[in-house]
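# Report on the structure
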Amino acid sequence: MTDALTHALGKPARESGFWNEHIETMPRARLDALHLDRLQKLVRYAYERSPFYRRKFDSIGLQPQDIRSLEDFKRKVPLTDKSEFIDLQRESPPYGPSAALPADFIVHHCETSGSTGKPLAIPYSLYDTVRYGESWACGYWALGIRPADTFYFAFGWGNFAGFWSAYWGARRIGCRVVSGGGLDTKGHIQAILRTRPTVLISTPTFALRMAAVAAEMGVDLAASSIKFTFHAGEPGPTALPAMRRQIEEAWGARAGELLGIAEVDAFAPSCPNGDGVHVNEIDNFTWSIDPRTLREVGDGEIGENVITSFSNTAQPLLNYRSHDLVRRRSRCACGRTWVKFEGSVLGRTDFMVTVRGTNVYQTAVEHLIGEIPEVSNCYELVLTREDENDVMTIRFEPVKALANDRAAWRALERRLGEHIHRALHVRLETTAVPPESLPRYELKTRRIIDQRPQEFRRALDR
């Protein structure tokens, strides 16, 4: 029996650590030439099929034939933003004039999580679902997952796009799938013991939540059938090494993750080296800008990721502002030539925090929190404004063993505050709260609680 798929060059996939070695290791010059060809075709497709893009291009006198280079695309094609598409859909539901395909071509409907406002409806053609699954397949394969593995999905199958696409990736490889559906945490654990899957799909914090509940049940998940865990939806093993250690120790498994944008693509599987994610350049073209000046930033600089997907035939997204802050690198020792984001997403432009002149990134704070063993993985970063300055307060739970030791809580507040100050050279407020008092989530964990004035938050998006 052969593996489900073979490489484009005919080499059996099982012989390589790459899902598609030909394109994952393609020289940059050839990748750029491929991008230009695809971008030119995409601009023409969007202009001819999407009333939104036709109006947008016509308003600035842009014709598809004007795109003759990657620089032309970056400089001439207007930036787009999620808020534009939400407004269009509100005026003309469900998909608005940005849609490029008629309704009878739409085979799947999803929505964004709505964590930053009104959900965006997302239409997918059959082609889109296959392409979307490709990014997951690249990440799965690099971690060691193969067609003989069985996936367990620990989430409810609603309209949230993220893990539907993880399913499309499992289907792309040819693996067996077990759905946890609407089970509670204990139910998921019992189902895993009963069905003996080898791959867990969940948010990273829910994987840790399951591990904590399993310990209370007297179940050793490290001795279970799970060999791999794969995560998305929030900063996870790649961005937070302490979280990687916790997940891998609790489950006795290798942990991977993927960075995705529901309306764009599951576009960046984790690097095999575990220190970042690689943009899937089969399906996506990206570049980075300074979110304040909108000018392009160079290799190694922190900027906002701007993305264009080749896999969205139903709702094209060109030069789409992700609001994710990333540090791009053009080289990696893993062998992939695809662009790398060190540490995945460092923060969000809508949650940009400058504390006494120092830029503070969400994942940097979360990484430092994870280095204090007596602090649980349940915490919130509360943003406020005082005297025209940002203030970040860390509300955290001590581990259960310290539940009744208030003196230890105060000591932990001081210890965590000093630990962050030494690393980031800025002091943040730290407040311990009782164990089990903060919300638990099965899907995206809400880490950022933004209590800054509405007018200030709106100004960040302009």
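Residues numbered from 1 in each chain as written. Predicted model: local features only at pLDDT ≥ 70, side-chain atom pairs only at ≥ 80, totals over all residues. Heavy atoms only, no water.

## Digging into the sheet that holds strand β19 (residues 429–432)
- Within the open sheet, the four strands sit side by side as β19-β18-β17-β20. Their pairing is mixed. Each edge of the open sheet carries a strand with a single partner, namely β19 and β20 (448–450). Taken over all neighbouring pairs, the strand axes of this sheet differ in orientation by 25 degrees on average, direction set aside.
- Pairing analysis gives nine bridges linking strand β17 (residues 375–386) to strand β18 (residues 389–398), with the strands arranged antiparallel. Looking at the pairing, Glu-380 lines up with Arg-395 of β18. (Pairing = 2+ DSSP bridges. Helix = DSSP H or I, 4+ residues; strand = E, 2+ residues; numbered from the N terminus. Axes fitted to C-alpha atoms, helices over the stretch in contact; angles between N-to-C directions.)

## Side note on the nonpolar core
- Of all hydrophobic cores here, the largest spans 48 residues; its most connected members are Leu-200, Trp-251, Val-365, Ile-394 and Leu-428.
- Counting only elements with at least two residues in this core, the list comes to α8 (185–195), α9 (204–217), α10 (241–251), β15 (353–355), α11 (362–370), β17, β18 and α12 (406–424).
- If you tally residues by element for this core, the top one is α9, at seven residues.
- Each residue touching Ile-394, except ones within four places of it in the same chain, is listed here: Val-365, Ile-369, Glu-380, Leu-381, Leu-416, Ile-420, Leu-428, Glu-429, Thr-430 and Thr-431.
- In terms of nonpolar packing, the next biggest core, distinct from the first, is built from 38 residues, Ala-46, Phe-85, Leu-120 and Trp-287 among them. (Core = buried A, V, L, I, M, F, W, Y, C linked by side-chain atoms within 4.5 Å. Buried < 20%, exposed > 50% of the residue type's maximum accessible area, 1.4 Å probe, protein only. Contact = heavy atoms within 4.5 Å.)

## As for the pairing of strand β4 (residues 176–179)
- As paired strands, strand β3 (residues 150–153) and β4 are joined by four bridges and run parallel to one another. If you follow Phe-151 over to β4, its bridge partner there is Val-177.

## Some details on the side chain of Asn-312
- Among the structural elements, Asn-312 can be located in the loop between β11 (302–309) and β12 (320–329).
- Classification of Asn-312 by relative accessible area gives buried; the value is 4%.
- Polar side-chain contacts of Asn-312 include one of 3.1 Å to the backbone oxygen of Glu-263.
- Within polar-contact distance, the side chain of Asn-312 engages the backbone oxygen of Val-264 at 3.5 Å.
- Setting aside chain neighbours within four positions, we find Asn-312 in contact with Asp-128, Glu-263 and Val-264. (Polar contact = N/O pair within 3.5 Å; in protein donor to acceptor, adjacent residues only side chain to side chain.)

## What about α9?
- With 14 residues, α9 extends 20 Å between its outermost C-alpha atoms, agreeing within 8% with the 20 Å of an ideal straight helix rising 1.5 Å per residue.
- Those residues of α9 lying buried are Pro-204, Thr-205, Phe-206, Ala-207, Leu-208, Met-210, Ala-211, Val-213 and Ala-214.
- In this structure, the buried residues of α9 make contact with α8, β5 (199–202), β6 (228–231), α10 and β17.
- Phi for Gly-218, located one or two positions after α9, is positive at around 80 degrees. (Expected span 1.5 Å × (residues − 1).)

## Section: helix α2 (residues 28–49)
- Under the 1.5 Å per step criterion, the end-to-end length of α2 is 31 Å for 22 residues, consistent within 8% with the ideal 32 Å.
- All of the buried residues along α2 are Leu-31, His-35, Leu-36, Leu-39, Leu-42, Val-43, Ala-46 and Tyr-47. For α2, the buried positions fall inside an angular range of 140 degrees around the axis, keeping them on one side.
- Contacts made by the buried residues of α2 are with α1 (21–24), α3 (51–59), α4 (70–76), β10 (284–289) and β11. (Arc of directions from axis to C-beta.)

## Comments concerning the sheet that holds β4
- Strand order across the open sheet formed by six strands is β4-β3-β5-β6-β7-β8, with mixed pairing between neighbours. Unpaired on one side and paired on the other, β4 and β8 (265–269) mark the two borders of the sheet. Neighbouring strand axes in the sheet, compared pairwise and without regard to direction, differ in orientation by 25 degrees on average.
- Pairing geometry for β5 and β6, over four bridges, is parallel. Residue Ser-202 lies in a different strand from β6, and its bridge partner there is His-231.
- The strands that α9 touches are β5 and β6; relative to β5, the one it contacts most, it runs at about 120 degrees.
- Set on the sheet, α10 makes contact with β5, β6 and β7 (254–261); between it and β7 the angle comes to about 130 degrees.

## Here's the deal with the pattern of salt bridges
- This model, assessed by the stated rule, comprises 34 salt bridges.
- Across the pair Asp-324 and Arg-348 runs a salt bridge whose closest N-O atoms are separated by 2.9 Å. Placement of Asp-324 in strand β12 and of Arg-348 in strand β14 (residues 347–348) is noted, with a sequence separation of 24 residues between them.
- Classification of Asp-324 by relative accessible area gives buried; the value is 8%.
- For the salt bridge of Glu-374 with Arg-415, the shortest nitrogen-to-oxygen distance reads 2.7 Å. Placement of the pair is Glu-374 in the loop between α11 and β17 and Arg-415 in helix α12, with a sequence separation of 41 residues.
- For Arg-415, a relative accessible area of 37% translates into the label partly exposed. (Salt bridge = Lys/Arg side-chain N within 4 Å of Asp/Glu carboxyl O.)

## Thoughts on a nonpolar patch on the surface
- Together, Val-107, Leu-126 and Val-130 line one region of the surface with nonpolar side chains, adding up to about 260 Å² of accessible area.
- By the element assignment, Leu-126 lies in helix α6 (residues 126–143).
- Residue Leu-126 is classed as exposed on the basis of its relative accessible area of 56%. (Patch = residues over 30% accessible without salt bridge, like charges linked within 9 Å, V, L, I, M, F, W, Y side chains within 5 Å. Areas by Shrake-Rupley, 256 points an atom, 1.4 Å probe, with all protein chains shown as cover.)

## Some words on the packing of α11 against α12
- Where α11 contacts α12, the axes come no closer than 10 Å and their chain directions differ by 130 degrees. Taken as axis vectors, α11 and α12 run oblique relative to one another. The element α11 and its partner α12 pack so that their crossing is right-handed. Residue-level contacts link Ala-364, Val-365, Leu-368 and Ile-369 of α11 to Leu-416, His-419, Ile-420, Ala-423 and Leu-424 of α12.
- Partitioned by chemical class, the residues of the contact of α11 with α12 number eight nonpolar, one polar and no charged. (Parallel < 35°, antiparallel > 145°, perpendicular 65-115°, else oblique. Left-handed = near helix turned anticlockwise from the far one by under 90°. Nonpolar A, V, L, I, M, F, W, Y, C, P; charged D, E, K, R; others polar.)

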